[in-house]
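So you can see what is in the structure, the chains are spelled out below.
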Amino acid sequence: MSASDIAAVPDAPTSAPASAPPSAPPTLAAVKTRQQATWSSGDYAVIGTTLQIVGEQLCEALDVRAGQKVLDVAAGNGNASLAAARRWCEVVSTDYVPALLSRGRERAAAERLKIEFQEADAEALPFAPGSFDAVVSTFGVMFTADQDKAAAELLRVCRPGGKIGLANWTPESFVGQIFKTIGKHVPPPAGVKSPALWGTRARIDEMFGADASAIQVEARHFVFRYLSPAHFVQIFRSYYGPVLKAFSMLEPTAQAAMESDLMALIDRFNRSGDATMVVPSEYLEVVITRR
């Protein structure tokens, strides 16, 4: 299976009557608008907070130093932002979903961490070139509609000699297979590159190689731990925008079929040995040194 087999964030069903002329593929701007609505649905923070360890590990991989200026792109509810602030960095946390920034503010206030939160589009960051010592994104920028534009923006706002740190799900990972499973039931937008390409060394080299003096990648695993497989599916269909939207597009019978496929997928990966769910999901940890 190639990375292109992984579904992107679900779009509306594309089937049409046989007599209808084929419709033109949606523009990247239209896809972005729909994706923003998808990520604004549910409450990603419920899932995001469980991924905190990834932000901590990424900051260690980047070897961030106290006082450095750090930008978190597509930050969600701020895992990498919090990790950098705990290391006394000057942090700006950005996302295009205001509700997620609010969740990040709540977390920062609870820990008395100084973080600036700003609404921003990863494909058009409102910062001057070379503004940051480090630019990070954990499972965020990989979902942008225009991958090359987003990568160019990460490079633009990072100073020469600075570092870009990414955590991206790989195509063969559990999460990558979730999107493949969803794609069987709800077709992804036509003409949009798979998010899981960000989890491959080849695509990272393609997007960043010309402007990097060094690129280091390491395969890591995040372990999803839930009360049971059914608990995981319930949480994701209630709070994780892409899964929530996919279920909402289907009739009850089709919903049951997709839920059955997700449960079978979990069974393939689950190593708990009991009634709980313990599922490792591979991701690519990327550290790019800006030329």
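Per an unreviewed UniProt entry, the protein goes by the name Class I SAM-dependent methyltransferase and belongs to Achromobacter spanius.

Student: It is not clear to me how the environment of Gly 130 should be interpreted in this structure. Could you clarify?
Tutor: Mapped onto the fold, Gly 130 is located in the loop between strand S3 (115-119) and strand S4 (132-138). Linking Gly 130 and Arg 156, residues 26 residues apart in sequence, is a C-alpha distance of 6.3 Å. If sequence neighbours within four positions are ignored, Gly 130 has contacts with Arg 156, Val 157, Cys 158 and Arg 159.

Student: It is not clear to me how the pattern of salt bridges should be interpreted in this structure. Could you clarify?
Tutor: Where side chains of opposite charge bring their charged atoms close, a pairing between them can arise. One pass over the structure, following the stated rule, counts 17 salt bridges. For Arg 87, the salt bridge is made with Glu 60, and the minimal N-O distance between the two is 2.9 Å. You can see Arg 87 sitting in the loop between helix H4 (79-86) and strand S2 (90-95) and its partner Glu 60 sitting in helix H3 (residues 52-62), a full 27 residues away along the chain. Exposure remark for Glu 60: the relative accessible area of 53% places this residue in the exposed category. Salt-bridge contacts for Arg 201 lead to Asp 205; the nearest nitrogen and oxygen are separated by 2.8 Å. Placement of both Arg 201 and Asp 205 in helix H8 (residues 201-208) is noted, with a separation of four residues, approximately one turn of the helix. Since its relative accessible area comes to 36%, Arg 201 is described here as partly exposed. You can call Asp 205 partly exposed: its relative accessible area is 32%. Among the charged side chains, a salt-bridge network with shared partners connects Glu 56, Glu 60, Arg 86, Arg 87 and Glu 111.

Student: In this structure, what is going on with the sheet that holds S3? I would like to understand it.
Tutor: One key point about sheets: their strands pair by backbone hydrogen bonds, in either a parallel or an antiparallel sense. Taken in spatial order, the seven strands line up as S3-S2-S1-S4-S5-S7-S6 in an open sheet, and their pairing is mixed. Of all strands in the sheet, those with a lone pairing partner are S3 and strand S6 (212-226), marking the two edges. Adjacent strand axes in the sheet meet at a mean angle of 20°, parallel and antiparallel pairs treated alike. Note: strand S1 (residues 69-72) against S4, three bridges, orientation parallel.

Student: Please explain the UniProt feature "domain: Methyltransferase" (unreviewed entry) in the protein as it appears in this structure.
Tutor: As recorded in UniProt, the feature "domain: Methyltransferase" (unreviewed entry) lies at residues 70-162. Its end C-alpha atoms 10 Å apart, residues 70-162 is made of 35% helix and 28% strand.

Criteria and thresholds
Residues numbered from 1 in each chain as written. Predicted model: local features only at pLDDT ≥ 70, side-chain atom pairs only at ≥ 80, totals over all residues. Heavy atoms only, no water. Helix = DSSP H or I, 4+ residues; strand = E, 2+ residues; numbered from the N terminus. Contact = heavy atoms within 4.5 Å. Salt bridge = Lys/Arg side-chain N within 4 Å of Asp/Glu carboxyl O. Buried < 20%, exposed > 50% of the residue type's maximum accessible area, 1.4 Å probe, protein only. Pairing = 2+ DSSP bridges. Axes fitted to C-alpha atoms, helices over the stretch in contact; angles between N-to-C directions. UniProt positions renumbered as here; feature names shortened; annotations may be inferred.

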